[in-house]
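These are the residues of each chain, in order.
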Amino acid sequence: MQQVNDMGIPDGFRSHRWFGIHFVIWHNNSPGIYLYFMHYSEDGLTTKVLVSAIWILDTLHLSFVCHILYYYLITNYGVPTSLNYIVWSLPASVLVNVLVVSMVQCFFAHQIYHLCRSGVKWLVTGPIILFVLAQFGFGMETVILEYSDLFIRVHRNADLRA
């Protein structure tokens, strides 16, 4: 039988399922990285470094997401006022995600550029690059606004305590 707190929320809010989903996704990616290095050893160093960096950043992103889930669903379980504050790992997670997505999209734009005929290379990849830059800019803006909100709230609370 499930325990329910004063607010009517089931105990733990099934947080173990969220952790499990994220680890399953990560464990599906990790063998893919291993297979990539085993079967595509002739790829250039730049591609190998890109794949390694994306895997490392994906691992970092997973750890930030786990911290977010732990903070909101376990540490501050049943504390609705904790939702008024942004935990530090949320903007960090968005930052890492923006970096990963931008790296992958730039790689694909590079591949498309080399696959196109010489007359239409920039016609095809130009808009793609513009959209990648726009996505990167808006993502960085989101991270900056989240961190500035976090910074303002921390200092406002410190001023109230003083």
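First, a word on scope: everything that follows refers to the structure included in this document. (Residues numbered from 1 in each chain as written. Predicted model: local features only at pLDDT ≥ 70, side-chain atom pairs only at ≥ 80, totals over all residues. Heavy atoms only, no water.)

1. A few points about the overall build of the protein chain
- On a plain count of helices and strands, the protein chain comes out with 4 helices and 0 strands.
- Written out in order from the N terminus, the α and β elements of the protein chain read α-α-α-α.
- Within the protein chain, buried positions represent 23% of all 162 residues.
- Here the contacts in the protein chain between residues at least 6 apart in sequence split such that 67% fall between residues at least 24 apart.
- A total of about 11,300 Å² of accessible surface is found on the protein chain, and carbon and sulfur atoms cover 69% of it. (Helix = DSSP H or I, 4+ residues; strand = E, 2+ residues; numbered from the N terminus. Buried < 20%, exposed > 50% of the residue type's maximum accessible area, 1.4 Å probe, protein only. Contact = heavy atoms within 4.5 Å. Areas by Shrake-Rupley, 256 points an atom, 1.4 Å probe, with all protein chains shown as cover.)

2. Re the nonpolar core
- In this structure, Leu 57, Phe 64, Ala 92, Val 96 and Val 100 together form the largest nonpolar core, which totals 5 residues.
- Elements that contribute at least two residues to this core include exactly helix H2 (45–75) and helix H3 (89–115).
- When residues in this core are grouped by element, the largest group, 3 residues, is from H3.
- For Phe 64, the residues in contact, after removing those within four places along its chain, are Trp 88, Ser 89, Ala 92, Ser 93 and Val 96. (Core = buried A, V, L, I, M, F, W, Y, C linked by side-chain atoms within 4.5 Å.)

3. Some thoughts on the packing of aromatic side chains
- Counted by the stated rule, this structure contains 6 aromatic pairs.
- Judged by centre distance (5.8 Å) and plane angle (25°), the rings of Tyr 36 and Tyr 40 are stacked.
- Residue Tyr 36 is classed as buried on the basis of its relative accessible area, which comes to 13%.
- Residue Tyr 40 is classed as partly exposed on the basis of its relative accessible area, which comes to 45%.
- Seen from their ring centres, Phe 64 and Trp 88 are 5.7 Å apart, and the 85° between their planes marks the pair as edge-to-face. Residue Phe 64 is found in helix H2, and its partner Trp 88 is found in the loop between H2 and H3; the two are separated by 24 residues along the sequence.
- A connected cluster of aromatic rings, assembled from ring pairs, spans Tyr 36, Phe 37 and Tyr 40.
- The ring of Tyr 113 has Lys 121 sitting right over it, with the charged end atom 4.8 Å from the ring centre. (Phe/Tyr/Trp six-rings, centres within 6.5 Å; stacked < 30°, edge-to-face > 60°. Lys NZ or Arg CZ within 6 Å of the ring centre and 35° of its normal.)

4. Describing the packing of H2 against H3
- Packing of H2 against H3 leaves a shortest axis separation of 9 Å and a crossing angle of 155°. By the criterion of interaxial angle, the relationship of H2 to H3 is roughly antiparallel. Seen from above, H2 lies across H3 with left-handed handedness. Within the contact between the two elements, H2 uses Thr 47, Leu 50, Ala 53, Ile 54, Leu 57, Asp 58, Leu 60, His 61, Phe 64, Val 65, His 67 and Ile 68 and H3 uses Ser 89, Leu 90, Ala 92, Ser 93, Val 96, Asn 97, Leu 99, Val 100, Met 103, Val 104 and Phe 107. (Axes fitted to C-alpha atoms, helices over the stretch in contact; angles between N-to-C directions. Parallel < 35°, antiparallel > 145°, perpendicular 65-115°, else oblique. Left-handed = near helix turned anticlockwise from the far one by under 90°.)

5. What to know about the side chain of Glu 146
- For Glu 146, the location among the structural elements is in helix H4 (residues 121–161).
- Filtering out sequence-adjacent residues up to four positions away, Glu 146 remains in contact with Ile 86, Leu 90, Pro 91 and Val 94.

6. Some thoughts on the environment of Val 98
- Structurally, Val 98 is set in helix H3.
- It is 6.3 Å that separates the C-alpha atoms of Val 98 and Phe 136, two residues lying 38 residues apart in sequence.
- In contact with Val 98, other than residues within four places in its own chain, are Gln 135, Phe 136, Gly 139 and Met 140.

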